[in-house]
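# Analysis of the macromolecular model
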Amino acid sequence: MDEAGDEELLERARQGQPDAFSTLVRRYDRYLYRVARSVLRDDDEAEDVVQQTFLQAFVNLVDFRGAANLRTWLTRIALNDALQRQRRQRSMVELDQLDTAQERVRSDLVLSSLTSPTPEQAAARSQVRETLERAIDDLPPAFRIVLIMRDVEEASVDETANALAIKPETVRTRLHRARRMLRDSLGEQFTAVLKDVFPFERPRCDALVRKLLIDVGSISTPRN
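Residues numbered from 1 in each chain as written. Predicted model: local features only at pLDDT ≥ 70, side-chain atom pairs only at ≥ 80, totals over all residues. Heavy atoms only, no water.

## A short note on the pattern of salt bridges
Tallied over the full model, the rule gives 16 salt bridges. Put simply, Glu45, Asp48, Asp81 and Arg85 are held in one network by salt bridges that share partners. (Salt bridge = Lys/Arg side-chain N within 4 Å of Asp/Glu carboxyl O.)

## Observations regarding the packing of helix 3 (residues 43-59) against helix 4 (residues 70-89)
Running from amino to carboxyl end, helix 3 crosses helix 4 at an angle of 135°, the nearest separation of the two axes being 9 Å. Between helix 3 and helix 4, the interaxial angle falls into the category oblique. Seen along the crossing, helix 3 lies across helix 4 with a hand that is right-handed. Between helix 3 and helix 4, the residues in contact are Glu45, Asp48, Val49, Gln52, Thr53, Phe54, Gln56 and Ala57 and Trp73, Leu74, Ile77, Ala78, Asp81, Ala82, Arg85 and Gln89, respectively. (Axes fitted to C-alpha atoms, helices over the stretch in contact; angles between N-to-C directions. Helix = DSSP H or I, 4+ residues; strand = E, 2+ residues; numbered from the N terminus. Parallel < 35°, antiparallel > 145°, perpendicular 65-115°, else oblique. Left-handed = near helix turned anticlockwise from the far one by under 90°. Contact = heavy atoms within 4.5 Å.)

## Quick word on helix 1 (residues 6-14)
Of the residues making up helix 1, those classed as buried are Leu9, Leu10 and Ala13. The buried side chains of helix 1 occupy one side of the element, clustering within an arc of 100° when seen end-on. Elements in contact with the buried residues of helix 1: helix 2 (18-40), helix 3 and helix 4. Directly beyond the C-terminal end of helix 1, a positive phi value near 90° is found at Gly16. (Buried < 20%, exposed > 50% of the residue type's maximum accessible area, 1.4 Å probe, protein only. Arc of directions from axis to C-beta.)

## Regarding the side chain of Asp151
Tracing the sequence through the fold places Asp151 in helix 7 (residues 141-152). With a relative accessible area of 12%, Asp151 lands in the buried category. Polar side-chain contacts of Asp151 include one of 2.7 Å to the side chain of Arg179. Excluding residues within four positions of it along the chain, Asp151 makes contact with Val146, Leu175, Arg179, Leu194 and Lys195. (Polar contact = N/O pair within 3.5 Å; in protein donor to acceptor, adjacent residues only side chain to side chain.)

## Looking at the nonpolar core
Counting 62 residues, the largest nonpolar core has Phe54 and Ile136 as its most contacted members. Of all the elements, helix 2 adds the most residues to this core, at 12 residues. With sequence-adjacent residues up to four places away left out, Ile136 is seen in contact with Arg144, Leu147, Ile148, Leu182, Leu194, Val197 and Phe198. (Core = buried A, V, L, I, M, F, W, Y, C linked by side-chain atoms within 4.5 Å.)

## Structural notes on the packing of aromatic side chains
With the rule as written, the count across this model stands at 3 aromatic pairs. An angle of 70° between the planes, with centres 5.3 Å apart, marks the rings of Phe21 and Phe58 as edge-to-face. One end of the pair, Phe21, is in helix 2; the other, Phe58, is in helix 3, and 37 residues separate them in sequence. Neither Phe21 nor Phe58 differs from the other in exposure class; each is buried. Centre to centre, the rings of Tyr33 and Phe200 are 4.9 Å apart; their planes meet at 40°, and the pair counts as tilted. Linking Tyr33 in helix 2 with Phe200 in the loop between helix 9 (168-186) and helix 10 (202-220), this pair joins segments that are 167 residues apart in sequence. For Phe200, a relative accessible area of 7% gives the class buried. By way of ring pairs, the aromatic residues Phe21, Phe54 and Phe58 are connected into one cluster. One Lys or Arg, Arg71, reaches over the ring of Tyr31 and ends 4.2 Å from the middle of that ring. (Phe/Tyr/Trp six-rings, centres within 6.5 Å; stacked < 30°, edge-to-face > 60°. Lys NZ or Arg CZ within 6 Å of the ring centre and 35° of its normal.)

## Side note on the environment of Leu208
One can find Leu208 in helix 10. Since its relative accessible area comes to 0%, Leu208 is described here as buried. Sequence-wise, Leu208 and Arg26 are 182 residues apart; in three dimensions their C-alpha atoms are separated by 9.1 Å. Setting aside anything within four residues of it in sequence, one finds Leu208 in contact with Val25, Asp29, Val50, Gln51 and Phe200.

## Some words on helix 3
Its 17 residues give helix 3 an end-to-end C-alpha distance of 25 Å, which sits within 8% of 24 Å, the value for a rise of 1.5 Å per residue. Inspection of helix 3 places Ala46, Glu47, Val49, Val50, Gln51, Thr53, Phe54, Leu55, Ala57 and Phe58 among the buried residues, and these make up the whole buried set. Where helix 3 begins, one side-chain oxygen reaches toward the backbone nitrogen of Asp44, 3.1 Å away; that side chain belongs to Asp42. (Expected span 1.5 Å × (residues − 1).)

Structural measurements only, silent on function.
Here it is, written out as structure tokens:
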């Protein structure tokens, strides 16, 4: 099933095959989580967006005819949900301030230990990742989401532009400025762990799939 393309999985999902739907969830859950989190800056809210995105997608599978590719379609659903949540929560959100000088000193000490293949390496890398995540969270929202889509998830310029309804030139400009802001805050060395940020690891993925299959089953089961 993992080798099947999106079109085949979609057709099987339309036919009610749970394995096909599960495979689609696992294929795109981390990507959607990172996109949603780039808007909301909250792990639990982002995971809830992913769950609601797949539920909404399942309900509307019959209407999806490939005018956009599947990932772009899912991205738009997730972004709409995330932006609605952000508007509701905006009055409660406070931006954290990153002490750049202190973090740079601390990060240099942490990075010096990354060459040793010991248990401390994982802890050090995690510490660096957390520092980088905070710096990304402090980026302006328009730059943050472009950085996540392009540099972390490696979406193309065109895909990012289509999902965000902006021009490709705007994507390139925002990405350039986001990278410059991170370099100014943290230094060049942090790019080495950029793709580690905001992980959506296997236990969370498995739990999400279980919840979705229960929800999808209740949607699919006729009620008396």
